[in-house]
Amino acid sequence: HVSTQANNTNYMTYRFWYQQGAKRVVSARELSLAEIKEIREHIPEDLEIESFIHGAMCISYSGRCLLSSFFTGRDANQGACTHPCRERGTYIFNSKDLCMIEHIPEMIEAGIDSFKIEGRMKTALYVATVARTYRKAIDDYLESEEKYRANMDWYKEEISKCTYRQFTTGFYFGKPDENTQIYDSNTYINEYIYLGSIEEVTEEGLAKITQKNKFCVGDCIEIMKPNGDNIEASVLSLRTEDGQQVESAPHPQQVLYVELSTVPAVFDLLRVHKEDIEGGKQ
């Protein structure tokens, strides 16, 4: 697979990589759906196209930015970009995040084989929430467009629970304008806090987690199921590895056994709305 960092902007580029043995080429973020469709029409059928469907938008041509490497020594072309273009009070390079949840039919029609979610420097909660939502939206659309349209509010609500910067459709429907930028802040909107994922469930129904953020006995939290279900549950008790009961989990990476009002399953994720923690709601 050839990364978007190779700046793949036309069908001759795709043909070149195909001749080198590539099975899939990730399109540059700067391409429109019309341009991707044109590429699809001029490359071998067995060469796959992968394109971004959600996540942070780079202000530079794909693969051409050296700011992070220059300022911090962390190379954007090796997945370590620190987003320095958004910092120090100058927000002229601060794009809104890409979100194409409403345009899955157009993405499929353009001939894209794989949809790519940008998850650089994001939490497991972000990856799980976005990937789960798009997976369901794609499956719903392939079942029927009516079902896909009917569930749109749910998709949007779930995506809003992630860390994000407001949304745009990027370059897909033409050249972006001033409405695709954020000029007053580089901060993310973050409504939910990631607590951890379920590593094990004991015979007594206690859920083992390596805790990521603080929560307390009595808090009302949410269990995220892989199939899209979200189940509210109360924290009934917390125990350390040695069996000591505690009232809160203030230490990151602390292994805890959590008793919830609803027993979760292995690989479920736990999250909590920030207001439920900050406002003391239980």
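Right above here is the structure, for reference.
Residues numbered from 1 in each chain as written. Predicted model: local features only at pLDDT ≥ 70, side-chain atom pairs only at ≥ 80, totals over all residues. Heavy atoms only, no water.

J.: A description of the overall build of the chain should follow, citing residues and the corresponding values.
T.: In terms of helices and strands, the chain carries eight helices and 13 strands. A principal-axis box enclosing the C-alpha atoms of the chain has dimensions of 65 × 45 × 35 Å. Within the chain, the proportion of its 282 residues that are buried is 46%. Long-range pairs, those at least 24 residues apart, make up 69% of the contacts in the chain with a sequence separation of at least 6. For the chain, the centre of its 31 positive side-chain charges and the centre of its 44 negative side-chain charges are spaced 5 Å apart. (Helix = DSSP H or I, 4+ residues; strand = E, 2+ residues; numbered from the N terminus. Buried < 20%, exposed > 50% of the residue type's maximum accessible area, 1.4 Å probe, protein only. Contact = heavy atoms within 4.5 Å. Lys, Arg positive; Asp, Glu negative; His and termini not counted. Charge placed at Lys NZ, Arg CZ, Asp CG, Glu CD.)

J.: Give me the lowdown on a nonpolar patch on the surface, citing residues and values where you can.
T.: Taken together, Ile59, Leu67, Phe70, Phe71, Ile92 and Phe93 make up a surface patch of nonpolar side chains, about 600 Å² in accessible area. On the secondary structure map, Leu67 appears in helix α3 (residues 67–72). Residue classification places Leu67 among the partly exposed residues on the basis of a relative accessible area of 30%. (Patch = residues over 30% accessible without salt bridge, like charges linked within 9 Å, V, L, I, M, F, W, Y side chains within 5 Å. Areas by Shrake-Rupley, 256 points an atom, 1.4 Å probe, with all protein chains shown as cover. Salt bridge = Lys/Arg side-chain N within 4 Å of Asp/Glu carboxyl O.)

J.: Describe the pattern of salt bridges, naming the residues involved and giving the relevant values.
T.: Side chains that carry opposite charge are capable of pairing whenever their charged atoms lie near each other. All chains considered together, the criterion is met by 18 salt bridges. Notably, a salt bridge pairs Lys147 with Asp140, separated by 3.7 Å at the nearest N-O pair. Lys147 gets classed as partly exposed once you look at its relative accessible area, which sits at 30%. By relative accessible area, which is 3% here, Asp140 ends up buried. With a shortest N-O distance of 3.1 Å, Lys147 and Glu143 are connected by a salt bridge. Members of the salt-bridge network, linked through shared partners, are Arg132, Glu158, Lys161, Glu222 and Arg271.

J.: Can you lay out the packing of aromatic side chains for me, pointing to particular residues and giving the numbers?
T.: Ring pairs (aromatic) are described by centroid distance and by the angle formed between their planes. Throughout the structure, instances matching the rule amount to five aromatic pairs. Judged by centre distance (5.3 Å) and plane angle (75°), the ring pair of Phe70 and Phe71 falls under edge-to-face. By relative accessible area, which is 66% here, Phe70 ends up exposed. For Phe71, a relative accessible area of 46% puts it in the partly exposed group. Arranged with centres 5.5 Å apart and planes meeting at 75°, the rings of Tyr141 and Tyr148 form a pair that is edge-to-face. These aromatic residues form a ring-pair network of at least three members: Tyr141, Tyr148, Trp154 and Tyr155. (Phe/Tyr/Trp six-rings, centres within 6.5 Å; stacked < 30°, edge-to-face > 60°.)

J.: Hey, could you go over the nonpolar core for me, with residue numbers and the actual values?
T.: Formed by 34 residues in total, the largest nonpolar core has its most connected members in Ile101, Ile104, Tyr134 and Tyr172. Sorting the residues of this core by element identifies β1 (24–26), α2 (33–41), β2 (48–55), β3 (97–99), α4 (104–109), α5 (124–143) and α7 (152–159) as the ones contributing at least two each. Broken down by element, this core gets its largest block of residues, five residues, from α5. Here Tyr134 is in contact with Ile53, His54, Cys99, Met100, Ile101, Ile104, Ile117 and Ile159, once residues within four sequence places are set aside. In terms of nonpolar packing, the next biggest core, distinct from the first, is built from 17 residues, Ile193, Leu195, Ile223 and Val272 among them. (Core = buried A, V, L, I, M, F, W, Y, C linked by side-chain atoms within 4.5 Å.)

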